[in-house]
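Reading the structure
Below are the chains, spelled out letter by letter.
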Amino acid sequence: MTSIATEAPPLAESRPSRHAMRIKRRRRALPYLLLAPSLLLLAGFTYWPIVRVVWDSLHDRILGQTASQFVGLGNYASLFSDQAFLKAVINNLVYAVGTVPLSMALALLFALALQRSTRANAILRALLLFPSMVPLVAAASLFFFIFLPGVGLFDYYLAKIGLRGANWLGDPDIALWSLIGITVWKNAGYYMLFYLAGLQTLPGDVLEAATIDGANAWQRLRHVIVPLLAPTTAFVLVIALINVLTQVDHVIVLTKGGPSNSTKLVLYYIFEQAHENFAAGKAAAASVLSVAFLLAMSVASLKTMERGAHAAS
Amino acid sequence: MRRASLIITGLMLILAFFWSTPFLWTLVASFRPDSAIGMASLVPNYKPTWANFAEALDAGDFAIYYLNTAIVAFGILAVQIVTISLAGYAFARLTFPGRELIFYVFLLQLMLVPPILIVPNLRTIVDLGLYGSLLGVMAPYFASAFGTFLMRQTFRQIPRDFEEASVIDGAHWWQTLWHVLLPMAKPGLIAFSLVSLMAHWNEFLWPLMVLNEPRTQTLTIGLATFALGSEGGKEWGVLAAGTLLVMFPLLALFAVFQRQFVNSFMFSGLKG
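How each quantity is defined
- Residues numbered from 1 in each chain as written.
- Chains lettered and ligands numbered in written order.
- Predicted model: local features only at pLDDT ≥ 70, side-chain atom pairs only at ≥ 80, totals over all residues.
- Axes fitted to C-alpha atoms, helices over the stretch in contact; angles between N-to-C directions.
- Helix = DSSP H or I, 4+ residues; strand = E, 2+ residues; numbered from the N terminus.
- Left-handed = near helix turned anticlockwise from the far one by under 90°.
- Contact = placed C-beta atoms within 7 Å.
- Core = buried A, V, L, I, M, F, W, Y, C linked by C-beta atoms within 7 Å.
- Buried ≥ 20, exposed ≤ 12 C-beta atoms within 10 Å, placed from the backbone.
- Expected span 1.5 Å × (residues − 1).
- pLDDT = per-residue confidence, 0-100.

So, on to the packing of helix H5 (residues 119–133) of chain A against helix H1 (residues 2–30) of chain B. With their axes 9 Å apart at the nearest point, H5(A) and H1(B) run at an angle of 35° to one another. The chirality of how H5(A) crosses H1(B) is left-handed. Residues A:Ala120, A:Leu124, A:Leu127, A:Leu128 and A:Phe130 of H5(A) pack against B:Thr9, B:Met12, B:Leu13, B:Ala16, B:Trp19, B:Ser20 and B:Phe23 of H1(B).

Shown next as structure tokens:
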């Protein structure tokens, strides 16, 4: 009833009072006023920096001059002729291939094993989840000792079963894999949560039908569960890829990109160029490429993200 | 069937044990009195001591680190709750031209996560005169796309009847938001708070770039400095104790809010 009264046809309001007009205008402005704080902040710390970093990547400061000069793609050229950057890109790819499929597969396995809500499973889930709760820096400082050659936790127990350890963080052939190990350990439990949620949404009758049709556990997993979990997998994949590109705390604490650039990841390279070498142009160019990668990925997965945002309830 | 599930539980028990060894070691090592000898052992074959904790507290300015970290994490959260409630309300309850477009402007921020923009954001922070300050660490996180979506969803699930009653009583939109919607949105707010607090309690790279003096450092920076400093000294018990000190508030929070934690994490995905 009330809505009819307020939404009177325009003709009836032949001469709207000034007061009514003001109220109407204010009501029309309200949504934008509510969004303004967030939009201003998003503009200032997400969109403006992108514009700025693109601009920076096309300019460089010539030694001895205060103003920067347009250098075209010069920064990109010097970026791609920098062996350390190319190595960082390759390392990041290896790091992605090493961490993403393994941690996702483990996550699915954990979720399948612990999907029934029993008391024991609740505790086991918490234990597996725990690594993802602590700061990556704290995890790294623990692994500092665990990976210590000879006396660390790893080598100590390997020696007990008659195996010789390695120089986990000091050997250029092994160091990146050690970091991959930390990342899988840290993230698998986190991704497990998404699969646990995904498993709860599976239609029980489909699984039952497959069982009646004589499908064994592996066939059910391969042909029923995994395909039905595809949306979850897509969502987790996006998160995992973002993590691959944005988390380098353990590199900073444990290896500083070494030995001989073997653990240098792209974001660490950016951090190093900006923070330690003061090579702003190269840092900007590498940032632009990372942003472009994330943008490409977000366009590809906009649907997934939207679903994730909608599922947020 | 029953036997199979017992076997699975048994296997997972073994796996969870291996998964937990780093924490187990930290716990055992932090109470170990004599450094160096048998440091790697997981067996607590000693008389426990608080000495490592005392030394860790002594060596680092943990009190200041805790305070700074708390200021950063709770400061960000306080501002975020205001921004996400307002924006979430607008998306959930109001229709206006450009809503779709603005929604996508928010959506994209889920992907363009701040760590990737550290270089230009640091310049902005310098321009704003916030370099070296805790406010500089906090500023880029004051708006949260994830939080906005969460509030939007939470508000949407509240039946409109409640608001209509208060509107008929002549309440303004902010009164409705404050007295009707926000109290009912508590689960969403708690979930968001947990994720946001955890994300910023744990953050390292950005504060490392913005903060330049010992008295403004956060816990993660303090711990990293500490870990790197003890490299030569081999004071592993002290390092273990220090790590435990950093993790302790999270442990406590996890113990209290375990259920909400798991739930909020499940739908967080992208961190606050």
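Within the largest apolar cluster, 159 residues are counted, with the highest numbers of intra-cluster contacts made by A:Ala107, A:Ala140, A:Phe143, A:Tyr191, A:Met192, A:Tyr195 and A:Ile270. Once residues lying within four places of it in the same chain are set aside, the contact partners of A:Phe143 are A:Ile182, A:Leu254 and B:Pro22.

Below, the discussion takes up the interface of chain A and chain B. The interface is formed by 73 residues belonging to chain A together with 74 residues belonging to chain B. Broken down by element, the side of chain A that touches chain B gets its largest block of residues, 15 residues, from helix H2 (residues 18–57) of chain A.

In this section: helix H7 (residues 145–156) of chain B. Residues and elements named next belong to chain B. With 12 residues, H7 extends 16 Å between its outermost C-alpha atoms, agreeing within 8% with the 16 Å of an ideal straight helix rising 1.5 Å per residue. Counting buried positions over the 12 residues of H7 gives 11, a clear majority of the element. Restricting attention to buried positions, one finds in H7 the residues Ala-145, Phe-146, Gly-147, Thr-148, Phe-149, Leu-150, Met-151, Arg-152, Gln-153, Thr-154 and Phe-155.

This paragraph deals with the confidence of the model for chain A. Residues and elements named next belong to chain A. Residue-level pLDDT values for chain A average 85, and 89% of them are 70 or greater. Of all the helices and strands in chain A, helix H1 (residues 2–6) carries the lowest mean pLDDT, 43, while helix H4 (residues 83–113) carries the highest, 95. Note that residues 1–9 has pLDDT below 50 and, in this model, two contacts with residues that lie over four places away or in other chains.

For the rest of this paragraph, the subject is unusual backbone geometry. A positive phi is found at A:Lys256, a non-glycine position, where the angle reads about 50°. Here A:Lys256 shows up in the loop between helix H12 (249–254) and helix H13 (266–275).

All names here are of chain A. Within the secondary structure, Val-71 sits in the loop between strand S2 (68–70) and helix H3 (74–80). Along the sequence, Val-71 and Phe-130 sit 59 residues apart, while their C-alpha atoms lie 48 Å from each other. The residues touching Val-71, leaving out its near neighbours within four places in the chain, are Leu-58, His-59 and Asp-60.

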